[in-house]
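Summary of structural features
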Amino acid sequence: MTPLAPRLAESLNGALHRLFAERPGLHLLGEDVADPYGGAFKVTKGLSDRHPGRVLSTPISENGLAGVAAGLALAGDEVVAEVMFGDFAALVFDPVLNLISKSVTMYGRRLPMPVVLRCPVGGRRGYGPTHSQSVQKHFIGMPNLALYELSPFHDPYGLLAHALDHGPALLFEDKVLYTRRAYPDGVVDEHFRHSLTGDASGWAHVTPVDGAAPDVVLICPGGVAHRALAAAHLLRDRGVTTHLLVPGRLYPVDIEPVLPVLERPALVAVAEESTAGGTWGSDIAALVYERLWPRLRAPVLRLSSADSIIPAARHLEDRVLLGERHIAEAVAERLGTIATGAAVVAGPVATPVADPAAEPVNEPVDVAPPLAVPFVVPKLNNNDTHYLVTCWLAEDGARVEAGAPLVELETSKAVEEIEAPAAGYLRISADAGTEVEVGAVIAELHELAPPAHAAARSGAGGEAATTAGRGAGSAAPEQASPAAEASQPATSPQPAQSSPADRRTYVLDRVQRGTAAVVTRAHKEVPAAFTAVEVGVDALLARLRLLSEESGAEIGVPEAVVKAVAAAHDRFGHLFGSLVDDRTVAVPETPHVAVTIDAGRGLYTPVIRDCARRSITDIADDLMDFRMKAWRGGDFTTSELDGGTITISINTEADVVFVQPIVMWPQLCMLSVGGLRRQLALHDGVLATTTVVVLGLAYDHRVVNGAEAVAFLRAVADNLREPDRLDQLVA
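Keep in mind that this is a model prediction, so the values were computed, not measured. (Residues numbered from 1 in each chain as written. Predicted model: local features only at pLDDT ≥ 70, side-chain atom pairs only at ≥ 80, totals over all residues. Heavy atoms only, no water.)

**A few points about the overall build of the protein chain**
For the protein chain, the helix and strand inventory stands at 19 helices and 34 strands. Residue burial in the protein chain is summarised as follows: out of 731 residues, 52% are buried. For the protein chain, long-range pairs separated by at least 24 residues make up 71% of all intrachain contacts whose partners lie at least 6 apart in sequence. Split by element, the accessible area of the protein chain, about 32,000 Å² in all, is 53% carbon and sulfur. (Helix = DSSP H or I, 4+ residues; strand = E, 2+ residues; numbered from the N terminus. Buried < 20%, exposed > 50% of the residue type's maximum accessible area, 1.4 Å probe, protein only. Contact = heavy atoms within 4.5 Å. Areas by Shrake-Rupley, 256 points an atom, 1.4 Å probe, with all protein chains shown as cover.)

**What to know about the packing of helix H15 (residues 557-567) against helix H16 (residues 616-631)**
Running from N to C, H15 and H16 cross one another at 120 degrees; their axes reach a closest spacing of 9 Å. In terms of orientation, H15 and H16 fall into the oblique class. In terms of crossing hand, the pair formed by H15 and H16 is right-handed. Across from Pro558, Glu559, Ala560, Val562 and Lys563 in H15, the residues of H16 making contact are Ile616, Ile619, Ala620, Leu623 and Arg627. (Axes fitted to C-alpha atoms, helices over the stretch in contact; angles between N-to-C directions. Parallel < 35°, antiparallel > 145°, perpendicular 65-115°, else oblique. Left-handed = near helix turned anticlockwise from the far one by under 90°.)

**What to know about the pattern of salt bridges**
Following the criterion strictly, the structure yields 24 salt bridges and no others. A salt bridge links Arg118 to Glu173; the nearest nitrogen and oxygen atoms lie 2.7 Å apart. In this pair, Arg118 sits in strand S4 (residues 115-121) while Glu173 sits in strand S6 (residues 169-174), placing the two residues 55 residues apart along the sequence. Like Arg118, the residue Glu173 is buried in the burial classification. Between Glu263 and Arg295 there is a salt bridge, with the nearest N and O atoms lying 3.3 Å from each other. Taken together, the residues span a long stretch of sequence, with Glu263 in the loop between helix H7 (259-262) and strand S12 (267-275) and Arg295 in the loop between helix H8 (280-292) and strand S13 (301-305) at a distance of 32 residues. The exposure class of Glu263 is partly exposed, given its relative accessible area of 35%. Through salt bridges with shared partners, a single ionic network connects Arg124, Arg314, Glu317 and Asp318. (Salt bridge = Lys/Arg side-chain N within 4 Å of Asp/Glu carboxyl O.)

**Quick word on the sheet that holds strand S14 (residues 372-376)**
Pairing within the open sheet is antiparallel, and its four strands lie in the order S14-S21-S19-S16. Two strands close off the open sheet at either side, each with one partner strand: S14 and strand S16 (399-400). Here S14 runs beside strand S21 (residues 441-446); their pairing, made up of five bridges, is antiparallel. Its bridge partner lying in S21, Ala372 is registered against His446. (Pairing = 2+ DSSP bridges.)

**Examining the packing of helix H1 (residues 8-22) against helix H5 (residues 156-165)**
Contact geometry of H1 with H5 gives a least axis separation of 8 Å together with a crossing angle of 45 degrees. Considered as vectors, H1 and H5 are oriented oblique to each other. Helix-helix and strand crossings are classified by hand; for H1 and H5 the assignment is right-handed. Listed contacts from H5 to Leu8, Ser11, Leu12, Ala15, Leu16, Arg18, Leu19 and Glu22 of H1 are Pro156, Tyr157, Leu160, Ala161 and Leu164. The residue makeup of the contact of H1 with H5, split by class, is ten nonpolar, one polar and two charged. (Nonpolar A, V, L, I, M, F, W, Y, C, P; charged D, E, K, R; others polar.)

**Let's talk about the nonpolar core**
Counting residues in each nonpolar core, the largest one holds 59 residues, and the members touching the most others are Ile648, Leu671, Leu695, Phe712 and Leu720. When neighbours within four sequence positions are excluded, Leu695 is seen to be in contact with Thr531, Ala532, Val533, Val535, Val561, Leu671, Ser672, Val673, Leu713, Val716 and Leu720. (Core = buried A, V, L, I, M, F, W, Y, C linked by side-chain atoms within 4.5 Å.)

**As for the environment of Leu250**
Topologically, Leu250 is positioned in strand S11 (residues 249-251). Sequence separation of Leu250 and Tyr148 is 102 residues, and the distance between their C-alpha atoms is 5.3 Å. Setting aside anything within four residues of it in sequence, one finds Leu250 in contact with Gln136, Leu147, Tyr148, Glu149, Phe172, Pro221 and Trp280.

**Details of the side chain of Gln136**
Structurally, Gln136 is set in the loop between S4 and strand S5 (146-149). Side chain to side chain, Gln136 and Glu149 meet in a polar contact 3.0 Å long. (Polar contact = N/O pair within 3.5 Å; in protein donor to acceptor, adjacent residues only side chain to side chain.)

**Considerations on the sheet that holds strand S7 (residues 192-197)**
If you walk across this open sheet you meet the six strands as S7-S8-S10-S9-S12-S13, and the pairing is mixed. Looking at which strands have only one partner, the edges of the open sheet turn out to be S7 and S13. Going from strand to strand, the sheet's axes swing by 20 degrees on average, the running direction of each strand aside. The sheet contacts of helix H6 (residues 225-237) involve S7, strand S8 (203-208), strand S9 (216-219), strand S10 (242-247) and S12, and relative to S10 the element is tilted by about 175 degrees. Together, S9, S10, S12 and S13 form the strand contacts of H8, whose direction differs from that of S12 by roughly 160 degrees.

**A short note on the pairing of strand S24 (residues 528-536)**
Here S24 shows one buried face, formed by Ala529, Thr531, Val533 and Val535, and one open face, formed by Ala528, Phe530, Ala532, Glu534 and Gly536. In terms of strand pairing, S24 meets strand S34 (residues 686-700) through nine bridges, oriented antiparallel. For Ala529, the partnering residue across the bridge sits in S34 and is Tyr699.

**What about the side chain of Arg23?**
One can find Arg23 in the loop between H1 and strand S1 (26-30). The class of Arg23 is buried, set by a relative accessible area of 13%. With residues up to four places along the chain from it excluded, the contact list for Arg23 reads Arg54, Glu78, Ala161, Leu164 and Asp165.

**Some thoughts on the pairing of S6**
Of all six residues in S6, six are buried, a share of seventy percent or more. By the alternation rule, side chains of S6 split into Ala169, Leu171 and Glu173 and Leu170, Phe172 and Asp174, which are all buried. Sheet topology places S5 next to S6; four bridges connect them, and they run parallel. Each residue of the ladder has a partner; that of Ala146, found in S6, is Ala169. Between the parallel pair S5 and S6, the chain is carried across by H5, and the sense of this crossover is right-handed. (Right-handed = clockwise from strand over helix to strand, strands pointing away.)

**With respect to a nonpolar patch on the surface**
There is a patch of nonpolar side chains on the surface, built from Leu74, Met106 and Tyr107 and spanning about 300 Å² of accessible area. For Met106, the location among the structural elements is in the loop between helix H4 (93-100) and S4. Here Met106 falls in the partly exposed class, since its relative accessible area comes to 43%. (Patch = residues over 30% accessible without salt bridge, like charges linked within 9 Å, V, L, I, M, F, W, Y side chains within 5 Å.)

**Focus on helix H18 (residues 706-721)**
Helical periodicity: at 3.6 residues per turn, an α-helix aligns residues three or four positions apart in one direction. In a regular helix each residue adds 1.5 Å, so 16 residues correspond to 22 Å; H18 covers 23 Å between its end C-alpha atoms and thus fits that length. Listed as buried for H18 are Ala709, Phe712, Leu713, Ala715, Val716, Ala717, Asp718, Asn719 and Leu720. One side-chain oxygen of the residue at the start of H18 lies 3.3 Å from the amide nitrogen of Ala707, identifying that residue as Asn705. (Expected span 1.5 Å × (residues − 1).)

**Let's talk about the packing of aromatic side chains**
By the definition in use, this model includes eleven aromatic pairs. Between Phe85 and Phe88, the ring centres sit 5.9 Å apart and the planes meet at 65 degrees, which makes this aromatic pair edge-to-face. Measuring from ring centre to ring centre gives 6.4 Å for Phe139 and Phe172, while their planes differ by 50 degrees; the resulting arrangement is tilted. Of this pair, Phe139 sits in the loop between S4 and S5 while Phe172 sits in strand S6; the two residues are 33 residues apart in sequence, bridging distant segments of the chain. (Phe/Tyr/Trp six-rings, centres within 6.5 Å; stacked < 30°, edge-to-face > 60°.)

**Some points on unusual backbone geometry**
Along the chain, Asp35 connects to Pro36 via a cis peptide bond; the corresponding omega equals 10 degrees. For Pro36, the position within the fold is in the loop between S1 and helix H2 (47-50). A cis amide bond, omega 10 degrees, links Gly167 with the succeeding residue Pro168. Relative to the elements of secondary structure, Pro168 occurs in the loop between H5 and S6. With a phi angle near 70 degrees, Arg124 is a residue other than glycine that sits in the positive phi range. Along the chain, the position of Arg124 falls in the loop between S4 and S5. Positive phi values are uncommon outside glycine, yet Asn144 reaches one of about 75 degrees. Among the structural elements, Asn144 can be located in the loop between S4 and S5. Assessed through its relative accessible area of 26%, Asn144 is described here as partly exposed.

Take a look at the structure:
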């Protein structure tokens, strides 16, 4: 399974971390941006802990933080300032207009003003009239001020770096995009691909995979891109070929690179979420007219939201804000007018109709009772329109009862366990690891059993398997089930009703049930063996203490073991692999080491990426971040819990001698680390105390034999104790 791209909020956070590492004079200002809050949308999490003194939570004064940002820039520093909601950008309008933008050229010589104001904008989250607006149009045309917008096609790091280098600037971030994923490697879906024209802030050009020339070109900013793409799919079903153009920089706009694309179609349309009047889309239309008037086949179609405030109620919000059906219908209507040869004149802007009375009428129809009950993706919050299918809790074809746990869906905040709406035999249509839309049918519950599963039913008893739908190379079950607690602590055991005999019982929480499922599958499917070695670590501990003092990071035995295991990958690559079938092993090129973390609120196995190439201090930082997330109740993303090639079970309490781990499918090995122990030993005939730790290895005996397991453990142990290897380990 191809790894999913990170959500755009995660990509933005990573971009800020990278910029802070590269630019020592960079500061971040905003309300509640410091840890542990990390901003209203968690885009700034981890920055203040890693860069103290450079990330400042300000009072609730957008005007004030913009003034401080201007002062820092005039003093030679760089600043990223967060406006919690773009609607509040009205409060920074004066310092942006009269101080920040003018300071570039107001003092007799050109001054750099590397200030970027980040503005979350847009609706479709039920936040109501004062927290849902798209305010981009109010800042267009200020001399020296650049406007950028986040998109699923542009690299957030590239946009932020470009904005800082060409500032002052505003970066608009549609809030809906925070939970959506980028389109990496030029692939959008099975029907569309994309490419970037120009630099990091250039135009993304979305085209059909067959390269067909466009009937219509839709020009839109990044926040509307998903709706424009959905409209392109609707138009494709009608035989209309659509191209999309999405800029990284809204203003000043450079239309030259895309003029050849705009010469070809029967129609050019501009779609944006703001209300009509003095908009970015109007400027684009004017530029198209100036450059292409002799070659245009029809007036530019301008599409905006309705002339209305934005309601909080979702069904009313959908009528006010520009949506994919509004776009598709307006384009189809205009193309139909063109095709019939009717007179075409520049008419009013096409907008959704904010008419609450326009409810669809459902007439009763006599139908036979259905033989299958569709399982529809429910709405779980007001933030997301799509969820990730983490895992199915029942196998395809299995009998499930009404109310039984059926599937886990990951939202942007947590993983929710969804129950079966009715009894029946399950037929799954959306595999684990795919994203699904609210309202989509992803399974059916049939009255009659599918013939292929008739034999399997005898003796199965409808028992649910927590790992149904997972394939080799996807997240290991133990990594997926604990992620269900990503944003909430594990529930306490709930007392059940007493039986007549007054027996006391309790219900296992979801994390423990997930752990039980992993252990059950491991013991049932993997023929595991176990071996252990004892390692003297006195020299290692001395080096780690010195390194901790020098680096300021907390570096201990677990970090060293992660690095030592990764260093053995070159010699023992197949121990990091997974079984493709009974005779084929997939060997990864890079070791990604998962570690068990249990802070008393559930067991998690986050993954440390590319451990062999990274320093031990970087690994220590990752582990500390993972421990804090586990302690806070499991604020992990799916990408942080997915993709491990081997797992280390950390059990470093002082009285733990050794631990016998399981092997988590589809991995082949799990290594365990016990607690540090002091013991007496003879050294050159002298009795002395030494510190030791026991390393254990559980391994899949179908792939790994005993001699290989012992050799692997010895290699890890040598990495921890041999002087020359120890030098490489802590470098």
